[in-house]
Amino acid sequence: MTAVSGFPPRAASPSFPMGEFNAIICAALTKDYGPKRALDHLDLEVRAGEIFGYLGSNGAGKTTTIRCLLDLIRPSDGTATVIGLDSRADSVAVRRRTGYLAGDLRLWPHLTGRQTLGYLATLRGGVSAQRVAELAERMECDLTQRCGAMSHGQRQKVGVIQAFMHDPEVLILDEPTATLDPLMQHTVHDLVREARDRGATIFVSSHDLPEVAHLCDRAGILRLGKLVTVLDVGELARQGRHVLSIQFLEPVDPRIFESVPGVSEISRANHTVTLTVSGDLDPVVKAAARYRVRDLHTAEVDLDEVFRDYYRSEPADAR
Amino acid sequence: MHADVLRRELADHQRAIAAWGIGAVLLTSLYILFYPTVHDSGAGIQAIFDTMPRAFRDAFLGTGVDFLSPNGYLGTELFSILVPALMLVMGILTGSRALAGEEQNGTIDLLLATPIRRRRLVTEKAVGAQLPLFVMAAFVWLAVALIGPSQGLSVNLGVLAIALIAVALLAAGFGMLAFLVAGATGSTALGGGVAAALAVLMYVLNVFGSLVSSLTGFANTVSPFHWVGGAGVLATGVAWPGMMALVVCPIVLLGVAIMLYERRDLAA
């Protein structure tokens, strides 16, 4: 990857067959900040060629894990490897083959978007100008503006471009869409899927359960520096729950929902029935459709709620 | 490697370097233009110096320096305070910010997500922070070389160059101390504070060293302000042991800075 114009074609990028080995491995990865344990013997395996969601609430240790992988911080114990390379000893090689988008992205305020990408590209030994232009167009990013004058969303776009511009084998994205509007979130999701389709592995941290369910192949749930579980996304979707409020045009007996699968915590106020639904919404909607519906409102149950379910099902000494 | 970080660093600071350089040239020129006036009223000024205690006079003028001679005048005006102070402020400011600033601004993640070694980053940042000092030294040299002779200030330009390089190295040493402390702690304020405090301490030690005879040996050995030669430098030149020490200090500090930075957890 030296010539600016000589970027390898995408089909040649993956140097390994998909799914045959683990692209990221953390083994008993532990990080202490003084007396505070941020990562606690974390064991994690991300398969090559998958989109892996790394779920956890703020302070769970997501960013700590990522910064260990990139050798920005050093583990107190345990090891991490990326594409078979040790995160510490082979850090330069890891970073050459990785694209990283920081959660709290900061750019140099005096540089324009183009200067920023140019600088980072030279530090990578050159990347395709055409690829940068293509990404900028898709992200609708004005690269002539100084980063200091950009909105959060604009800066994030520059961050996305720099992570993808060298078509890396591994993408490590820390809350990539947090400050983007829905349209741009969609574009980033497309970029992530395209990267996977050409063989790259994508590690996405998020505290947004629906986003992970929508985007990822598998997801790990992190809590207090420990991996609680790893799930296929289908399972994750079943873990996802909605709070559904249905306003009817006529009085409805809420008991009609009692026999609907997945429904719990039914309440009623005037003509509005509120339900908590696990998994598929379809049977609930079908049941409600027998009456005249005026309005329907749904909200995702947040991640903590899902976590609490997990902990409830665990024996007390495992917490 | 192509020194991309260094080039970025210099590009980022070219305006500041130009501003400091122009400031140094203007001040130097001002002193040069005053020389004929000072020289013409020479007897009166020499009389003022003669009323000062000898040790005190030596401390500020340099031993046995004739203030009214070109070497004495330029040495006193440029090398006792002005140039060292300007360069120290500049070296400590840029030194403390160059590396630790990236961490404080949160841009270090972006930089070190690229495949560059930390020691390369540290080295290029260090050179980028201290190189402007030598540019400034060149500006001052040029001002003296170009304007000096027309005002009757002809000095040995070779000695002047070495004296200016010595002062730039002095500032680079304190600049590198600021760089090291800031880099090792992530705090630009701490780096700048430690280096500035030590610079003041060393300056005071040097002054006391020439006033108090029992301190002289110690101060001359320890204080880098003695190594650069002080106000009498254009007459006496820079002593080579001191020059060696001035060259070695920033290099050793860079080595330590790399070692400490390699080991650190960088703040998010």
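Let us look at the environment of B:E102. Note on placement: B:E102 falls in helix α5 (residues 100–104). Spatially, the C-alpha atom of B:E102 lies 9.7 Å from that of B:G183, the residues being 81 residues apart in sequence.

Residues and elements named next belong to chain B. Look at helix α8 (residues 157–185): 41 Å from first C-alpha to last across 29 residues, which is about the 42 Å you get at 1.5 Å a residue. For α8, the buried fraction is high: 22 of the 29 residues fall into the buried class. A positive phi of about 80 degrees marks G186, the residue just after α8.

This brings us to the sheet that holds strand β4 (residues 77–82) of chain A. Residue and element names in this part refer to chain A. With respect to topology, four strands assemble into an open sheet ordered β2-β1-β4-β5, the strand pairing being antiparallel. Two strands in the sheet have a free side with no partner beyond their single neighbour: β2 (36–47) and β5 (85–86). Relative to β5, β4 is paired through two bridges, and the arrangement is antiparallel. In the strand pairing of β5, T81 is matched with D86. Packed on one face of the sheet, helix α1 (residues 62–69) meets β1 (22–33), β2 and β4 and runs near 115 degrees to β1.

All names here are of chain A. On the basis of which strands lie adjacent, the open sheet formed by six strands has the order β6-β7-β8-β3-β9-β10 and mixed pairing. The open sheet has two edge strands, β6 (98–101) and β10 (226–232), and neither has a second partner. The average angle at which neighbouring strand axes cross in this sheet is 15 degrees, direction not considered.

Across chain B, the average pLDDT comes to 90, with 95% of residues at 70 or higher. Taken over the whole predicted complex, pTM reads 0.85, whereas the ipTM for its chain interfaces reads 0.88.

Since there are 3.6 residues in each turn of an α-helix, residues three or four apart along the chain are aligned in direction. Between its first and last C-alpha, helix α7 (residues 118–147) of chain B extends 44 Å over 30 residues, near the 44 Å set by a 1.5 Å rise per residue. The axis of α7(B) is deflected most strongly, by about 25 degrees, at B:Q130, and proline B:P132 appears within four residues downstream.

On to the confidence of the model for chain A, then. Per-residue confidence for chain A gives a mean pLDDT of 86; residues scoring 70 or more make up 86%. Taken together, the stretch residues 314–319 of chain A has pLDDT below 50 and engages in two contacts with residues farther than four places along the chain or on a different chain.

Parameters and conventions
- Residues numbered from 1 in each chain as written.
- Chains lettered and ligands numbered in written order.
- Predicted model: local features only at pLDDT ≥ 70, side-chain atom pairs only at ≥ 80, totals over all residues.
- Helix = DSSP H or I, 4+ residues; strand = E, 2+ residues; numbered from the N terminus.
- Expected span 1.5 Å × (residues − 1).
- Buried ≥ 20, exposed ≤ 12 C-beta atoms within 10 Å, placed from the backbone.
- Pairing = 2+ DSSP bridges.
- Contact = placed C-beta atoms within 7 Å.
- Axes fitted to C-alpha atoms, helices over the stretch in contact; angles between N-to-C directions.
- pLDDT = per-residue confidence, 0-100.
- Bend = angle between axes of the 7 residues up to and from the residue.

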